[in-house]
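# Notes for the structure review
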Amino acid sequence: MSSPSVKRNIDPKTLTTLQLNPLPEISATAYILGIVSGISIILSLPSNFSSLFDNFPFLPIYIFFISIFHFLEYFITASYQPLRVEASSFVLNNTIGYHIAHGFALIECILELYFLPNFKKNSNYLPIKLFGLFLIILGQSVRTLGMITAGGNFSHLIKNVKEDDHILIKHGIYSIFRHPSYFGFFWWAIGTQLLLLNPLASILFAFMLYSFFSSRIHFEERYLIKFFGDDYINYRHNTYIGIPFIKTK
Ligand SMILES: C[S@@+](CC[C@H](N)C(=O)[O-])C[C@H]1O[C@@H](n2cnc3c(N)ncnc32)[C@H](O)[C@@H]1O
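How each quantity is defined
Residues numbered from 1 in each chain as written. Predicted model: local features only at pLDDT ≥ 70, side-chain atom pairs only at ≥ 80, totals over all residues. Heavy atoms only, no water. Near = heavy atom within 4 Å. Polar contact = N/O pair within 3.5 Å; in protein donor to acceptor, adjacent residues only side chain to side chain. Areas by Shrake-Rupley, 256 points an atom, 1.4 Å probe, with all protein chains shown as cover. Helix = DSSP H or I, 4+ residues; strand = E, 2+ residues; numbered from the N terminus. Nonpolar A, V, L, I, M, F, W, Y, C, P; charged D, E, K, R; others polar. Axes fitted to C-alpha atoms, helices over the stretch in contact; angles between N-to-C directions. Parallel < 35°, antiparallel > 145°, perpendicular 65-115°, else oblique. Contact = heavy atoms within 4.5 Å. Domains from an automatic or database assignment. Buried area = accessible area lost by both parts, 1.4 Å probe. Salt bridge = Lys/Arg side-chain N within 4 Å of Asp/Glu carboxyl O. Buried < 20%, exposed > 50% of the residue type's maximum accessible area, 1.4 Å probe, protein only. Phe/Tyr/Trp six-rings, centres within 6.5 Å; stacked < 30°, edge-to-face > 60°. Core = buried A, V, L, I, M, F, W, Y, C linked by side-chain atoms within 4.5 Å. UniProt positions renumbered as here; feature names shortened; annotations may be inferred. pLDDT = per-residue confidence, 0-100.

## Focus on the site of the ligand
Around the ligand, 19 residues are found, and the nearest of them are S155, Y174, H179, S181 and E220. Contacts to the ligand include H179, whose side-chain N or O atom sits 2.7 Å from a nitrogen atom. Surface burial for the ligand is 99%, taken as the share of its 560 Å² of free accessible area covered by protein chains. Of all the secondary-structure elements, those providing two or more residues to the shell around the ligand are α8 (180-195) and α9 (199-228). In terms of residue class, the shell around the ligand is made up of 10 nonpolar, six polar and three charged.

Written out as structure tokens, the structure reads:
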């Protein structure tokens, strides 16, 4: 993306960082996420402008939390691991399952809003939606806190070779949950479906997330035991995963 004259005057390390973070792509992505969050907030407010979502502000609120999630993935990585951040840190090119699941959720929500508005907008179900909102905020907070606490030891891809500066994090949120970012993502995602009052997608999300994190955690812990030995085994005994039915000890 950078011009040849820029490349000539720049040291190789900075050039690699720039190649991994094409500035036009980073700024455009951040701009689009900002616009999406702004529009979702406006649409969620009770006004004539948002009459489309009258009595159901939860769809734009859901979109708002998705855009905040992707923004924070890059922002926290950039803030705490500036030398490791890259365009993919937005996690927008997530697994195909992620896109299918959210696509399914959107379609379910829109179809139910159209065909079953009395179910979707029934105030008796407000506690479920509010509980969903609570899970989203809890999940996002725990994930973000986990990323901050792990700092340079956090990577979006699981390491299968130990780096020299990789240390075992056991403090802060990691003293309670040993996979706070997975715990956070799991409950955040379930929360989004409760917020939308999507019965089918709630079941689909629970099933997909369980099978995804179950195999990912087993895989990751195999390497963590290889890297840190008894230290990790002891740490594992004193901490929780917090995702239903996933046990590794
Ligand atoms: C996507 S991060 C997820 C970290 C953790 N599983 C979580 O949910 O917060 C994956 C990387 O974190 C590293 N990791 C996981 N737990 C760790 C810990 N307690 N201390 C240091 N590194 C850890 C793994 O080696 C892996 O490369």
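## So, the packing of helix α4 (residues 58-80) against helix α7 (residues 126-150)
Interhelical geometry of α4 versus α7 gives an angle of 5° and a closest axis separation of 10 Å. Relative to α7, the element α4 is oriented roughly parallel. Every residue of α7 that contacts α4 at F58, I61, F65, F69, L72, E73, I76, T77 and Y80 is listed here: L126, K129, L133, I136, I137, Q140, R143, T144, M147 and I148.

## Re the domain arrangement of the protein
Assigned domains within the protein: domain 1 (10-93) and domain 2 (114-249). On a C-alpha basis, the centroid separation for the pair domain 1 and domain 2 is 20 Å. Of the residues lining the interface, 19 residues belong to domain 1; the matching set on domain 2 comes to 25 residues. Each partner contributes to the roughly 1900 Å² buried at the junction of domain 1 and domain 2, and carbon and sulfur atoms together form 70% of this total.

## Re the pattern of salt bridges
For the coordinates displayed, the defined rule picks out eight salt bridges. Of the charged contacts in the structure, one is a salt bridge between K159 and E163, with a shortest N-O distance of 3.6 Å. A relative accessible area of 29% means that E163 is categorised as partly exposed. Between E221 and R236 there is a salt bridge, with its nearest N and O atoms 2.8 Å apart. Of this pair, E221 sits in helix α9 while R236 sits in helix α10 (residues 230-237), and the two are 15 residues apart along the sequence. A network of salt bridges, in which partner residues are shared, links R84, K159, E163 and D165.

## Considerations on the packing of aromatic side chains
Two aromatic rings are characterised by how far apart their centres lie and by the angle between their planes. All told, the structure shown has 20 aromatic pairs when counted by the stated rule. Through successive ring pairs, a cluster of aromatic residues spans F69, Y98, Y182, F185, W188, F212 and F213.

## A short note on the environment of Y174
Residue position: Y174 is located in the loop between α7 and α8. When its relative accessible area of 10% is taken as the criterion, Y174 is described as buried. Sequence separation between Y174 and T239 is 65 residues, and the spatial gap between their C-alpha atoms is 7.9 Å.

## Points about the environment of E73
Mapped onto the elements, E73 comes out in helix α4. The class of E73 is buried, set by a relative accessible area of 0%. The spatial distance from the C-alpha of E73 to the C-alpha of I32 is 15 Å, given a sequence separation of 41 residues. Not counting residues within four places of it along the chain, the set of residues in contact with E73 comprises S89, F90, V91, R143, M147 and H156. Of note is the side chain of E73, whose polar atom sits 2.8 Å from the side chain of R143.

## Here we look at the nonpolar core
Membership of the largest hydrophobic core comes to 31 residues, with the highest contact counts inside it found for F185, W188, F205, L209, F213 and I243. Secondary structure elements with two or more residues in this core: α4, α5 (96-115), α7, α8 and α9. Looking at this core, the element that brings in the most residues is α8, giving eight residues. Dropping the residues within four chain positions of it, F185 is found in contact with F69, Y98, R143, L209 and F213. Within the second largest apolar cluster, 18 residues are counted, among which are M147, I169, L224 and Y232.

## Some points on the UniProt feature "transmembrane region" (unreviewed entry) in the protein
UniProt records the feature "transmembrane region" (unreviewed entry) at residues 28-46, 58-76, 96-116, 128-150 and 185-213, using the numbering of this structure. Between the C-alpha atoms that bound residues 96-116 the distance is 29 Å, and the span itself is 95% helix and 0% strand.

## With respect to the confidence of the model for the protein
Here the protein averages 92 in pLDDT, and 94% of its residues register 70 or above. Overall fold confidence (pTM) sits at 0.92, and the ipTM for the predicted complex is 0.98.

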